[in-house]
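Chain and residue survey
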Amino acid sequence: MAPGLALMAAFSLPSQAGDRRALPVEKPSGVKGRTLILLDVNTKSPVRIISENFLSLQLDPSIIHDGWLDFLSSRRLVTLARGLAPAFLRFAGKRTDFLQFHNVKNPAKSRGGPGPDYYLKNYEDARSLDKLYNFADCSGLHLIFALNALRRNPNNSWNSSNALSLLKYSASKKYNISWELGNEPNNYRTLIGRSVNGSQLGKDYTQLRSLMQLIRTYSRAHLYGPNIGRPRKNVIAFLEGFMKVAGGTVDAVTWQHYYIDGRVAKVTDFLKTRLLDTLSDQIRKVQKVVNTYTPGKKIWLEGVGTTSSGGMNNLSDSYAAGFLWLNTLGLLASQGIDVVVRHSFLDHGHNHLVDQNFNPLPDYWLSLLYKRLIGPKVLAIHVAGLQRKPRPGRVIRDKLRIYAHCTSYHNHNYVRGSITLYIINLHRSRKKIKLAGTLRDKIVHQYLLQPYGKDGLHSKLVQLNGQPLAMVDDGTLPELKPRPLRAGRTLVIPPLTMSFYVVKNVNALACRYR
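Residues numbered from 1 in each chain as written. Predicted model: local features only at pLDDT ≥ 70, side-chain atom pairs only at ≥ 80, totals over all residues. Heavy atoms only, no water.

Moving on, we get to the packing of helix 6 (residues 198-214) against helix 7 (residues 233-246). Contact pair helix 6 / helix 7: the axes reach a minimum separation of 7 Å and the direction vectors enclose 35 degrees. Considering only the axes of helix 6 and helix 7, their crossing is right-handed. Taken together, the residues of helix 7 that come into contact with helix 6 (itself represented by G198, S199, L201, G202, K203, Y205 and T206) are F238, G241, F242, V245 and A246. Looking at the contact of helix 6 with helix 7, its residues break down into six nonpolar, five polar and one charged. (Axes fitted to C-alpha atoms, helices over the stretch in contact; angles between N-to-C directions. Helix = DSSP H or I, 4+ residues; strand = E, 2+ residues; numbered from the N terminus. Left-handed = near helix turned anticlockwise from the far one by under 90°. Contact = heavy atoms within 4.5 Å. Nonpolar A, V, L, I, M, F, W, Y, C, P; charged D, E, K, R; others polar.)

In structure tokens:
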């Protein structure tokens, strides 16, 4: 890529990952001091194919109030969740390993379990499990339930008695559930002063798989793990120990990533490309271990948010946080991560998509657009551009990020063979993109997402092509209306915005068939 072009060609083939040269381009007469980007897409074959459930959701057990999940019956909440289907719904979080299952409809007030007093009040009863499953089922989501891994025998092996009770109850109801064991197990010493190493957790997973095979309903159910934290040196060692023992037992290897440890204090921090790029190194570390022990095994990022502490009010639930979220989706898809689970769908700190009053936040609308427009096939992009010569010694990072996929097959407004671009402009000036090659002279539909109201990047309201987005009523999401652009028109990307562009009727070979 040309030294002065601040553009991320995110969908290069792996062998081209280090090649940052731009395509050669002649300088048109009369063009001075502005950036002009020429963009084409390889339409012959995808470079990656990700899960149909790529963008998935997490519910944190902290939403349990006095043992109940009755609020999940809300029509409004079901409507919001259904908008993001198909997806997985992972029920897990820090309180996973303190939950006890009680196979009764009206549990007693006394509740057991290890840990500090705050956690002693947590339990999952049959009624709450019914509510949780019915919510997922009505919303078109597939439930993944994380079992308590901290019930331990004196020899530190996993005590599976409570999990077996839950499995048997779920099977009696014929619930279609996938399973996990524990949450961020590398952090148990911090939680309770007692550790479980990777090899032991691998044995525990093998034990869980054996239990599942004894129960006909779950003999072929999926099992995911180990859901480790950020892959630092000690966590990588934990993952290696787990993979040696249980790499072949799990259907996908999972881990978590949170961008910051509460250090973000102002909205401009979300615009720093250095922060957006921290995920790439984590991906490579996990992929290296997984491919060493189980080449080709699918990898999920299960639990992603701004911070592990639940985010920051007026920052991680604002329009500005969308830059991190959309870049995360693009980066993970381009590097072959099969599923990403957003923490959290509802009311956990300030990283959520829907607030405690069941109002959708900016990242919800961004996710809804992604679901409506983006298909699982990832395409390579080719770019060329012009820019003023950079000042000596100045590092120009990628403030304009472009990703490309086949348009979602579920969107019947577009024929198969259409392509969707999504673009993040972190510059404080507008940028112009000219579609070239197979994209030249095609009609384009623009979906430009901007903050709405006087709060700017801090806003918790958004507008699509100038129209504010809000639910029509509790059972109806708004129509996402595009702005048609005439064929051959240059795309003008406003500063500090996120946008989607559907290039119609490309008849891309990569996108004709599922």
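Turning to the pattern of salt bridges, a few remarks are in order. Within the structure shown, the criterion is met by twelve salt bridges. Of the charged contacts, one joins R76 and D474 as a salt bridge, the two residues approaching to 2.9 Å between their closest N and O atoms. Residue R76 is found in helix 1 (residues 75-82), and its partner D474 is found in the loop between strand 21 (467-468) and strand 22 (483-485); the two are separated by 398 residues along the sequence. Look at R76 and you get buried, because its relative accessible area is 17%. Each of R90, E180 and E302 takes part in salt bridges that share partners, so that together they form one network. (Salt bridge = Lys/Arg side-chain N within 4 Å of Asp/Glu carboxyl O. Buried < 20%, exposed > 50% of the residue type's maximum accessible area, 1.4 Å probe, protein only.)

So, about the side chain of S74. The residue S74 is located in the loop between strand 4 (55-59) and helix 1 in this model. At 3.2 Å, the side chain of S74 and the backbone nitrogen of L77 are in polar contact. (Polar contact = N/O pair within 3.5 Å; in protein donor to acceptor, adjacent residues only side chain to side chain.)

Formed by 127 residues in total, the largest nonpolar core has its most connected members in L59, W179, Y218, F345, Y364 and F500. Here the element with the most residues in this core is helix 10 (residues 321-334); it accounts for nine residues. Contacts of L59, omitting those with residues within four sequence positions, involve L72, L89, R90, F91, A92, L132, F135, S344, F345 and L346. Within the second largest apolar cluster, 26 residues are counted, among which are L379, L435, Y501 and A510. (Core = buried A, V, L, I, M, F, W, Y, C linked by side-chain atoms within 4.5 Å.)

With 14 residues, helix 7 should cover 20 Å at 1.5 Å per step; its first-to-last C-alpha distance of 20 Å lies within 8% of that length. Within helix 7, burial applies to V235, I236, F238, L239, G241, F242, M243 and A246. Check the buried side of helix 7 and you find it contacts helix 6, strand 10 (223-228), strand 11 (252-260) and helix 9 (278-293). (Expected span 1.5 Å × (residues − 1).)

With respect to the secondary-structure elements, Y414 resides in the loop between strand 16 (400-407) and strand 17 (419-425). Overall, the relative accessible area of 7% leaves Y414 in the buried class. As a C-alpha pair, Y414 and V502 span 88 residues in sequence and 8.5 Å in three-dimensional space. Ignoring anything within four residues of it in the chain, the contact list for Y414 reads L373, T407, H445, Y447, P482, V502 and K504. Polar side-chain contacts of Y414 include one of 2.8 Å to the side chain of H445.

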